[in-house]
Structure formats: structure tokens, C-alpha cells
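Coordinate analysis (summary)
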Amino acid sequence: MSEAREPRIVGFFCSWCTYTAADLAGVSRMKYAPNIRVIRVMCSGRIDPQFVLKAFACGADGVLIGGCHPGDCHYIEGNYKCLRRFRLLTRLLRDLGIEEGRCRLEWISAAEGDKVRTVVNDMAARLRALGPLDAPGRFRDWGKDLEELEHAMAGEGPGESSRAIEPARNE
Amino acid sequence: MGLAKGSPRTGFYICHCGTNIADTVDVDAVRRHAEELPGVVVSCDYKYMCSDPGQELIIQDIKEHRLERVVVAACSPLLHEATFRGAVERGGLNPFLFHMVNIREQDAWVHEDRAQATRKARDLIRAAIRRVAYHRPLERMRVGVNPNTLIIGGGIAGINAALNLSMAGKRVYLVEREPTIGGHMAKYDKTFPTLDCAACILTPKMSAVRDSRNIVLWTYSEVEKIDGYIGNFRVQVRRKPRYVDEETCVGCMQCVDACIYKDARFPSEFELGLKKRKPVYMPFPQAVPPVVAIDPKTCLHFKTGKCKEPCKEACARDSIRFDQREVVEEIEVGQIIVATGFQTFDPARLPQYGYGEFPNVYTSLEIERLVNASGPTGGQVLLRNGQVPQSVGILHCVGSRDENTNRWCSTVCCMTALKLAHLVKEHTGATVYSFYIDMRCTGKGYEEFYDRMMREGVQFVRGRVGEVRDWEMAPEEEGKLVLRVEDTLAGFVRRIPVDLVILAVGMEPRADAEAVQRMLHISRSNDGFFLERHPKLAPVETTTDGVYLAGCCQGPKDIPSAVAQGSAAAAHVLAMISKGHIELEPNTVAVLDDCSGCKTCIPLCPYHALTLNEESKKAQVNLALCKGCGTCAAACPSGSITQNLFEDEQIDAEIEETLAHV
Ligand code: FES
């Protein structure tokens, strides 16, 4: 993991707006950074914070969530649910030492192909500046630390060191 | 990690899309990469996967190789997912044991570096092949289509669509904001290029709407809220009070004559303020419905409460209802036609043309009223001082083809300007100058009309007028409006004095287009007009199923095009009604047995599809209400809700595999 590699971005795009905008960027032959891999969901409300954590745990350097503008969600208010979860998630990521800017939420409507381009380019540039996240590596180190701690405390088995987080709750 | 049920026999297909994909993605390398992946028993590439022979490949392989899953890497699933699902189904496999990878719109077309684009394609197809292993066979749910239709907007496009549907015996709710239907066309005098009178061809259609038993006409009403989806929309319509009983009023105008105001003194909306009306008024004589309306802003009863109400007394049918309240009607319809029309460009935004500053500068729409025999001047084109103009200048492209206002060509203003040149000449005998940038006369008989105008002696000057001023620099300019223009054919700047100026104003989206867009979940193009699903092949449909566009809300067009689009929208509606049902994507949710009954999901569902089963103490889904957003699945703390086609395992597999180092 020593050679500088290109940042890897996982995108979770809602089908109705941001995914359609990404298609529009294609149809308009706009060019943007090839660092992103998009996973399509029907609505940004489907995006479980666990997906984001999983993406980081699997080696993503950044995660981009794309949904319809407030008021435009095809399912009325899925994007508001997404926003609430995103706020909680941001706090959690901070606690985990994952820099701000690695996880980003953007409202991109079906007509804003250009915004897909600028956001992806901007994100790729920022992640390049931040350098690799290497969460798997970090987790490994944490696991070791924890094990040592546990040994020292003469506890029983190794705990669920990598078990991440309770899903965000909504009220 | 690892698959729950071993790797199913998977067929992988990658499309060159001619050279669209193959130019940027090394198709063969991707195919070879797929070949190595667990479960893949067929990996092949083809020039055009969506073509018949391409689909045939899949169908044959399913049979020959006993495929259990299929993955196609090609264009966007939004374009061809349905095509390939169809092929998979014809091969004898459940169509949902399939996944599509977008390597055109979101890869080949947006990247330049071939190595990078190929790498991205490999990541994406790996993810899809892992994901599809977790797919299961699904059934589409069928729901009925409500045969009633809502049409928003009663201009010529909406009227025509309504009549088409009514002819087929279908019920239509036609909702119009103004007190009468007719739209812009009702204001026009003659129509180009045939010069037949607009009222003569429009008003019979308006009456047909009134007489149709299948059309429920709600004027002075606005659609307020729309819920639901194709086949089953729920709509709220706010009906504003007109303070007159529509059922009993016959439009005899006794009340108008009796009004306490002896003279009409408030600007008439229909006549663009060129004529006055009373607080109780009929928009114009052939209004449909032929019912008066009372404007509470000017009516003495509402302003002071002290009117003697002679209108009430005069009405033999007791139709005046000062206590009328606003009502909100709730209706259910299967499909919706949007025909909300356009607004004309406001030339006050271009102060150099002096609109609002010089009284003898008019818009083309105002002149339509002036040349109209039933208009404010009885068909006379006069200056504000009552004299007949000797010379008239008509400016094309006002608020069109202009970086500073609207960039698009409004398509009809050249013809409108030519038509008005003819009518003004006919009515006044004035010398008419026409200032154009390019003459755009593209319809049937339009160019011939232009020829005719040249023969009739209209003076054509090629150039955009710089300004309209009243400074005189020569005796012949005295008391005139002077147009300063660069004559681009003659090659010098001219000053042309005229008595009357007509600004051929362009068309633009209505000011509330954004609100309508949001209400219907449709899109708008950069110019602000509503966006059709496809610029060539689906010019009437929108991105929301069951919602269609007709007329100028989709873009500037002339009357025949608006009429054609209205009929086309009606044809779409009828097709769906006669099919009788729609098939829903099976991406609904299911509650698993380990639901703990925590009720987290229940308030989250915007459609109230989730409830608590009192007996089992578990959540339950009403599939008829679930639209498949998956918000509940994301929120369930115990992971006990799954969304078909977007199950946790499927998305997890995509995440893992897309990031796997290879
Ligand atoms: S559909 Fe786009 S955010 Fe809900």
C-alpha cells in the first residue's frame, strides 16, 4: 500500500435524479474523473449508513451520496430521511477519525449532468490531497491494539473489534 | 464473504455499442476478466447487444448452457433494462435473475483514458456478477388503470386532448385557472397562414367541451396536490369562488348591466388592460362556461360591505352568491395531461424599446386584440390620440434569440409578425416595416405567406433594432418614434421614423412552471420548459409514467403542433386505458420473521404501507401501497425488512466487489 494510488470513490445514487443526471452527463459527453463506481438505489432513503461504513471498510477513500433536491424526491421525503442519517453518520465518521469530505451528500437533479461532473472532479481532487484512507489497514491496527488491551486485562475472547455501529435510528 | 448458495451458472455479455463503448473500453479484456469469475459459464461480446441477434444470443445460451443468471454490460439500465429482461424471460428464465451494468453513459462516454475506463468496467461487472447471484425470481404485480384523466390547462392543446378522450367515451377532468377556457388562442384575431379567424375555429371546440357529457370542466380552479402513480393518481383541485352559481347562471348579463358601477372602470384581464370591465363581468362574449364572475378585489360588496347589490336583484335566476366559498375537490384519475401553456415575454425587460414609456409601443398580443373586430377598438388600429397610423414598425425576436433574455427561437413570432403586417396594412393602409434577424417560416404554406407579404409591399429590413426613441434629428422625425437599426443587408445604420411600434414578443415558460414541475415530479430543460422523455422518440411523455405534455408548456410551437401534441397525448392515455392494467416493478419490501415489532419503520413510510399486525406484533406491508423506495429497509435496526432487487446482500456484494483489488 505504499505506492500512491488513485482515490477510489463509491457513489450511491438515487435512480430518479442523480443516477439520471449521471446518464445525462454521459449523453452530453462530459468528461470527469474515472475514480467513481456508482451503485444505483431507488431513493437516497434506501442508503443505510452501514453501506457507507462498509464501503470505507472495504477500502473506499470516499463515498458520494446523491439524491433529489429537497422537495423533489420521487418518494416524497426519502431524501430528508437520508439527510438526517447523513448528519448522524458525519458525527460517527469524525469519531472514527475519518476526515470530513470523505463522505459527501449532494442533491443533484436529473437535469444537472454538469453538477455530476463538477462534484466528482472536485471530490477526486480533494481525496487525492487527503491521501489514501486505508480503513482496512487502520482497522487491522486497531484490532491489534484491542487484542493487546484485552490480553492485558486478561479478558476472555477477542471482542467484536470490527463490529461497527448500530444503525441510525429515526424518530 | 462467499456466496450463500455456491455460484449460480451465469452468462455475461458485453456490448460494443458499435464503437460507442469499444472505443474507450477494451471490451475483450473485460470479457476475459469475466470469464475467470466464479460461476461464469458464458462470457461473450457483441456489436449491438440490444439488437435482435444480440438478444437471441442470450435466449439461446440460457437454453444451451442452462444459465441461472444473466449480466449484460451495455448502456444505462434506464434505457435497456426492460429490453434485456424481456430477452431473459423469453429464454425461459425469470426476468429478475438479471442485472445490467452501465458502461456507456457512466463509463465510456465520460472518460478518456482507455486503461482507466477499462478498469472501471471490470470493477463494475465484477460487482454485478457477484450481486446477481443473490437475485431471486420475482413476480410483477398488476394493478388496474383508472380510466379517468386529468387535463391541466384549457388552451387549444388541452381542449383538443379533452375532446379526443371524450369522443372515446372516457371521462375527463379539465382544470383551467382562468374563468374561461380558450387560452391564448382565444385572444388571437386571425391565424397564419390561412388567415381564418381564430374565434371561428376555436369557439366551436370550446362549446363542444361545454356540451360534452364526459368532460367535467372546472374553470377558475387550480390543481393543488397530486399523489400516487400511473393508473392511480389522487388529485386535489382548489375551486376558487366566482360568487356566481355556475349551474344556474346562463350568462344573460343582466347583473352586469345592473351593477352599481354604471361604467366599466377596471382593466379587463382578457383584453390585456386595453378595455375596462365592471366588477361583475364576462371575460369575453364566447367564454366557456358562459357564466359571469365577480372580482372581489373591485366589487363594492366585498370592499365596503355597503353595496345595494343591484346585481342580485337583477338576476332572475338568483345566481349571485356572495357567500360562495372556496372548495377543494378530490378526484382519482389514472393519467394526467399537462397543457399549462406559456407566457409572452415582458418587453419592459428591454427598456431600449420603450414599452411602457411610449404609449404607441405595443406587444404583438395587444395588437391581436386591436385588430380584432370584437376587441376593445372594434377592430380599429389607432394611435392613443385616436389617429390612424401612417407608418408602423414591427420588431421580430423581442425576448428571443438573445443572450440577455431568452436564447431560444420562439418559432412562431416571425409568422405572427408577418400576419400582423398584413392585418395592420389592411386595417390602416400604413407603410409597414418588418425588422428581422432571420426569417423563419418553416411550416406548411408559411414561406408562401412570406412571399405574399413581399408582394403586398411590406418593407423588410434585416437587422435587430437597437433602440426606439422619440428624439428627432430631422424634420420628418418630428412627433414620431424613431427606430435606430443597422441594416445588415445595406451595411449601414438607418433611422426610420414610424407612428406605431409592434414588438413581436417571444414565448417563455410560465412563471409557476417550477411549482407545477415539483407537483408532478417531472423535469424541465435548461430553458425552463417541461422536459419530454426523449427529444425525438418520446416528445409527449415525461419521465414520470402516466404524465404527458401537450402544447407550449413543452416548448414554443404553433397551433397545429399544439393540437397534434394534444391528440398524441390523448392517444397515449387511451392506449393505457385499453390495456387496462399496469405492471409494477417488484421492488417492494418484505418484513422478515425476525421483526421485533419495534415500530421504527411505521412512521417512516410516506405511503402508510407499513402497519403493526396486532396479533403477531410484527410489522406488515400493504403491497398495494408500497412504492419501493426502501427507506424502511435502510432504517430497520434489526435488518428485518428487505427490499426486492435492492437487498442488503446484493448491495453489500456490489460494494465489496467493486472495491476488491484485482
Ligand atoms: S428518489 Fe431521489 S432522493 Fe428519493
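Before going further, it helps to spend a moment on the side chain of Q106 of chain B. With respect to the secondary-structure elements, Q106 of chain B resides in helix α4 (residues 104-108). There is a polar contact of 3.1 Å between the side chain of Q106 of chain B and the side chain of D23 of chain A. If near-sequence neighbours (up to four positions away) are discounted, Q106 of chain B is found in contact with Y19, A22, D23, Y32 and V38 of chain A together with H111 and K120 of chain B.

Residue and element names in this part refer to chain B. Relative to the elements of secondary structure, A161 occurs in helix α6 (residues 156-167). Classification of A161 as buried rests on a relative accessible area of 0%. Measuring from C-alpha to C-alpha, the distance between A161 and G566 comes to 4.6 Å, with 405 residues separating the pair along the chain.

Residues and elements named next belong to chain B. In total, this model carries 14 aromatic pairs over all chains according to the counting rule given. Three or more aromatic residues joined by ring pairs make a cluster, and in this case those are Y243, F302 and F322. Sitting above the plane of the Y220 ring, K240 keeps its charged end 4.8 Å from the centroid.

The subject of this paragraph is the interface of chain A and chain B. Contacts between the two partners involve 56 residues from chain A, matched on the other side by 49 residues from chain B. Between chain A and chain B, roughly 4600 Å² of surface is buried when both sides are summed, and carbon and sulfur atoms account for 57% of that area. Interface area lost by chain A to chain B is led by R37, R46 and Y75 of chain A, which between them contribute 16%. For the pair chain A and chain B, the number of links is five salt bridges.

The subject of this paragraph is the packing of helix α2 (residues 49-57) of chain A against helix α17 (residues 648-659) of chain B. Orientation of α2 of chain A relative to α17 of chain B, taken along the N-to-C sense of each, is 25°, at an axis distance of 9 Å. With respect to α17 of chain B, the axis of α2 of chain A lies roughly parallel. Crossing hand, α2 of chain A versus α17 of chain B: right-handed. Contacts from F51, K54 and A55 of chain A of α2 of chain A reach α17 of chain B at D648, I651, D652, I655, E656 and L659 of chain B. By residue class, the composition of the contact of α2 of chain A with α17 of chain B is five nonpolar, no polar and four charged.

To continue, consider empty space enclosed by the protein. Evaluation of the coordinates by the stated rule reveals eight cavities of 30 Å³ or more. By volume, the largest cavity is sized at about 230 Å³. Around the largest cavity sit 18 residues that line it, and Y19 and V38 of chain A together with H99, M100 and E654 of chain B are the ones nearest its centre. Those elements that provide at least two residues to the lining of the largest cavity are β2 (36-41) of chain A together with α3 (77-90), β4 (98-102), α5 (114-132) and α17 of chain B.

Before going further, it helps to spend a moment on the nonpolar core. Of all hydrophobic cores here, the largest spans 89 residues; its most connected members are I337 and I367 of chain B. It is helix α12 (residues 413-428) of chain B that contributes the most residues to this core, nine residues altogether. Not counting chain neighbours up to four residues away, the residues in contact with I367 of chain B comprise Y362, L420, V424, L500 and I502 of chain B. Judged by nonpolar contacts, the second largest core, of 48 residues, contains V41 of chain A together with C605, C632 and I655 of chain B.

On to the state of the cysteines. Disulfide: a covalent bond formed between the sulfur atoms of two cysteine residues. Residues and elements named next belong to chain B. By the definition in use, this model includes one disulfide over all chains. The disulfide partner of C197 is C200, and the S-S distance across this bridge is 2.0 Å. Across the S-S bond linking C197 and C200, the dihedral sits near 100°, which makes this disulfide right-handed. Unpaired in terms of disulfides, C441 finds its nearest cysteine sulfur in C414, a separation of 5.7 Å. Looking at C553, it has no disulfide partner, and the nearest cysteine sulfur is the one in C552, 8.0 Å off. Taking relative accessible area as the criterion, C553 reaches 3% and is therefore assigned buried.

For the rest of this paragraph, the subject is the confidence of the model for chain B. If pLDDT is low for a region, its predicted coordinates should not be looked at in detail. Counting all residues, the mean pLDDT for chain B is 95, and 99% of those residues have values of 70 or more. Reported confidences for the modelled complex are a pTM of 0.77 and an ipTM of 0.86.

Segmenting chain B into domains produces domain 1 (10-138), domain 2 (141-240 + 326-342 + 509-584), domain 3 (254-314), domain 4 (345-508) and domain 5 (586-644). Computed from C-alpha coordinates alone, the two centres of domain 1 of chain B and domain 2 of chain B are separated by 40 Å.

Here is what the cut-offs are and how they apply
- Residues numbered from 1 in each chain as written.
- Chains lettered and ligands numbered in written order.
- Predicted model: local features only at pLDDT ≥ 70, side-chain atom pairs only at ≥ 80, totals over all residues.
- Heavy atoms only, no water.
- Helix = DSSP H or I, 4+ residues; strand = E, 2+ residues; numbered from the N terminus.
- Polar contact = N/O pair within 3.5 Å; in protein donor to acceptor, adjacent residues only side chain to side chain.
- Contact = heavy atoms within 4.5 Å.
- Buried < 20%, exposed > 50% of the residue type's maximum accessible area, 1.4 Å probe, protein only.
- Phe/Tyr/Trp six-rings, centres within 6.5 Å; stacked < 30°, edge-to-face > 60°.
- Lys NZ or Arg CZ within 6 Å of the ring centre and 35° of its normal.
- Buried area = accessible area lost by both parts, 1.4 Å probe.
- Salt bridge = Lys/Arg side-chain N within 4 Å of Asp/Glu carboxyl O.
- Axes fitted to C-alpha atoms, helices over the stretch in contact; angles between N-to-C directions.
- Parallel < 35°, antiparallel > 145°, perpendicular 65-115°, else oblique.
- Left-handed = near helix turned anticlockwise from the far one by under 90°.
- Nonpolar A, V, L, I, M, F, W, Y, C, P; charged D, E, K, R; others polar.
- 1 Å grid on protein atoms, 1.4 Å probe; cavity = no way out; pocket = protein on both sides within 12 Å on 5 of 7 lines; lining within 4 Å.
- Points joined across faces, edges and corners; volume = space filled by probe spheres on them.
- Core = buried A, V, L, I, M, F, W, Y, C linked by side-chain atoms within 4.5 Å.
- Disulfide = S-S within 2.5 Å.
- pLDDT = per-residue confidence, 0-100.
- Domains from an automatic or database assignment.

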